[in-house]
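# Secondary and tertiary structure notes
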Amino acid sequence: MAEMAEMAEEALGRARSVVLGKDREILEVLLAFLADGHVLLEDIPGVGKTTLALAFSRIFDLDYRRVQFTPDVLPSDLTGFSIYRRDREEFVYQPGSVFCNLLLADELNRASPKTQSALLEVMEERQVTVEGVTREVPKPFLVIATQNPPGSAGVQPLAESQADRFFVSLSLGYPDFDSEVAMARAVGPYKILNDLRPVASARDLRNMQFEIHRIFMHDAIYDYLVRLITATREHPALTRGASPRATVALVKLSKAAAWSRGRDFVTPSDVLEQFPYVAAHRVRIGPESGIAGADRSAVLEILRQIGLSVRKPRMEARR
């Protein structure tokens, strides 16, 4: 476990050396990967989303693909298709873009609902079914998807079933002043990504994912976690609460957070810390709530209130 933890810590440090000033967000992406989950980034262009995905693909030596989503991208571009080979006198399957370890789905909300739905099976089951034949994708299989902010030209909201497939959602945002100065000073003929070398393999990442399941969670923590999720379904300002899939994601992410801190048990603080990342893209604010500008910041404020209202187990005070 100690060796795996050192690898994870080094991976975190190398990613932070490439994407400056986003330590918290980079940690959250790593935790999602450790929990074998997908990441949704809502951001404007040019803030480092592609760089972040590339950095992790090189750090863990992952087979990486990037798809730029537009309205004319077809489901078969993702899942694959069969073409007739005259020399063999048969149809031969051509794998699509999802046959990789890390897929960057760039501007996912510009794609048609039909194309978006092509990701549902592979994100959940790690397999695709084409022409009645089911094929497994490589493991680990992880997706970092970006979406343009609501109101941007040519976008449409992700289907609820699609958004629910993502373990966490977050926003990188603009860098702070000092980080942007450091970024400007680093401009030169070579990209810093060119010098990024693997610190672990895809197999090492899989082993880390298995390590997460050894982390202990007390029954009182499970109860606390479910009460947080349930509170999103009962809040008067929310028309839709977090799904049971959010409960599963929160368990895994809380264990990943504890593991990353060198602990073999989960605390209530681990759960509460991960709660907004898990729930923010899964809940909806109703128009009758009277909350103006029901954007991500408004959702996060409601989740913060829920976190304050749900009592933590006493066990944390005794530790």
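To be clear, the structure that these remarks concern was listed above.
Residues numbered from 1 in each chain as written. Predicted model: local features only at pLDDT ≥ 70, side-chain atom pairs only at ≥ 80, totals over all residues. Heavy atoms only, no water.

### Topic: the packing of aromatic side chains
Evaluation of the coordinates by the stated rule reveals four aromatic pairs. On the basis of an interplanar angle of 70° and a centroid distance of 5.4 Å, the ring pair of Phe33 and Phe56 is categorised as edge-to-face. Highlighted residues: Phe33 in helix α2 (residues 23-34) and Phe56 in helix α3 (residues 49-59), separated in sequence by 23 residues. Residue classification places Phe56 among the buried residues on the basis of a relative accessible area of 0%. (Phe/Tyr/Trp six-rings, centres within 6.5 Å; stacked < 30°, edge-to-face > 60°. Helix = DSSP H or I, 4+ residues; strand = E, 2+ residues; numbered from the N terminus. Buried < 20%, exposed > 50% of the residue type's maximum accessible area, 1.4 Å probe, protein only.)

### Description of the pairing of strand β6 (residues 127-130)
Here β6 shows a clear split, with Val128 and Val130 buried on one side and none of Gln127 and Thr129 buried on the other. Bridging between β6 and strand β7 (residues 133-136) involves four bridges; their strand directions are antiparallel. The residue bridging Gln127 from the neighbouring strand is Glu136, located in β7. In this antiparallel pair of consecutive strands, β6 and β7, the connection spans two residues, and Glu131 shows a positive phi of 55°. (Pairing = 2+ DSSP bridges.)

### So, the packing of helix α1 (residues 2-18) against α3
Two measures define how a pair of helices packs: the angle their axes make with one another and the distance between the axes. Their axes nearest at 10 Å, the elements α1 and α3 cross at an angle of 145°. Where α1 crosses over α3, the handedness of that crossing is right-handed. Between α1 and α3, the residues in contact are Ala11, Arg14, Ala15 and Val18 and Thr51, Ala55, Phe56 and Ile59, respectively. Here the residues of the contact of α1 with α3 sort into six nonpolar, one polar and one charged. (Axes fitted to C-alpha atoms, helices over the stretch in contact; angles between N-to-C directions. Left-handed = near helix turned anticlockwise from the far one by under 90°. Contact = heavy atoms within 4.5 Å. Nonpolar A, V, L, I, M, F, W, Y, C, P; charged D, E, K, R; others polar.)

### Some thoughts on the nonpolar core
One finds Leu34, Val39, Phe56, Phe60, Ile144, Met208 and Ile306 to be the most contacted residues of the largest nonpolar core, which totals 79 residues. Dropping the residues within four chain positions of it, Val39 is found in contact with Val29, Ala32, Phe33, Val143, Ile144, Ala145, Phe166, Val168 and Leu170. Listed in part, the 25 residues of the second largest apolar core include Ala118, Val128, Val143 and Phe166. (Core = buried A, V, L, I, M, F, W, Y, C linked by side-chain atoms within 4.5 Å.)

### Examining the environment of Pro71
Within the secondary structure layout, Pro71 lies in the loop between β2 (64-68) and α4 (75-79). Residues Pro71 and Gly241, 170 residues apart in the sequence, show an inter-C-alpha distance of 30 Å.

### Here's the deal with helix α9 (residues 202-212)
Looking only at α9, the buried set comprises Ala202, Asp204, Leu205, Met208, Gln209, Glu211 and Ile212. Down the axis, α9 shows its buried residues gathered within 165° of arc, on one side only. Summarising the contacts, the buried residues of α9 are in contact with α1, α2, β8 (142-147) and α11 (244-260). (Arc of directions from axis to C-beta.)

### Considering the pattern of salt bridges
Tallying each qualifying case throughout the model produces 20 salt bridges. Linking Arg245 and Glu124 is a salt bridge whose minimum nitrogen-to-oxygen distance equals 3.3 Å. A residue pair is termed long-range when its members are at least 10 positions apart, and Arg245 in helix α11 and Glu124 in helix α6 (residues 120-125) qualify at 121 residues. Given a relative accessible area of 27%, Arg245 falls into the partly exposed group. When the shortest N-O distance is used, the salt bridge between Glu273 and Arg261 registers 2.8 Å. Note that Glu273 is positioned in helix α12 (residues 268-279) and Arg261 in the loop between α11 and α12, a separation of 12 residues in sequence. Since its relative accessible area comes to 23%, Glu273 is described here as partly exposed. Among the residues examined, Arg261 registers a relative accessible area of 40% and is labelled partly exposed. (Salt bridge = Lys/Arg side-chain N within 4 Å of Asp/Glu carboxyl O.)

### So, the sheet that holds strand β9 (residues 168-170)
Two pairing modes exist for strands in a sheet, parallel and antiparallel, and in both the strands are linked by backbone hydrogen bonds. Here we have five strands laid out as an open sheet, ordered β2-β5-β8-β1-β9, and parallel in their pairing. Only two strands of the sheet have a single neighbouring strand rather than two, namely β2 and β9. Recorded for the sheet is a direction-independent mean angle of 15° between the axes of neighbouring strands. With five bridges joining them, β2 and strand β5 (residues 102-106) adopt parallel strand pairing. What sits directly across from Gln68, in β5, is Asp106.

### Describing unusual backbone geometry
For the peptide bond that leads from Lys139 to Pro140, omega is 0°, which places it in the cis range. One can find Pro140 in the loop between β7 and β8. The phi dihedral of Asp61 falls on the positive side, at around 55°, and the residue is not glycine. As for its placement among the helices and strands, Asp61 is situated in the loop between α3 and β2. Here the phi dihedral of Arg126 falls at roughly 60°; this positive angle occurs in a residue that is not glycine. With respect to the helices and strands, Arg126 occurs in the loop between α6 and β6. Note on Arg126: relative accessible area 11%, which makes it buried.

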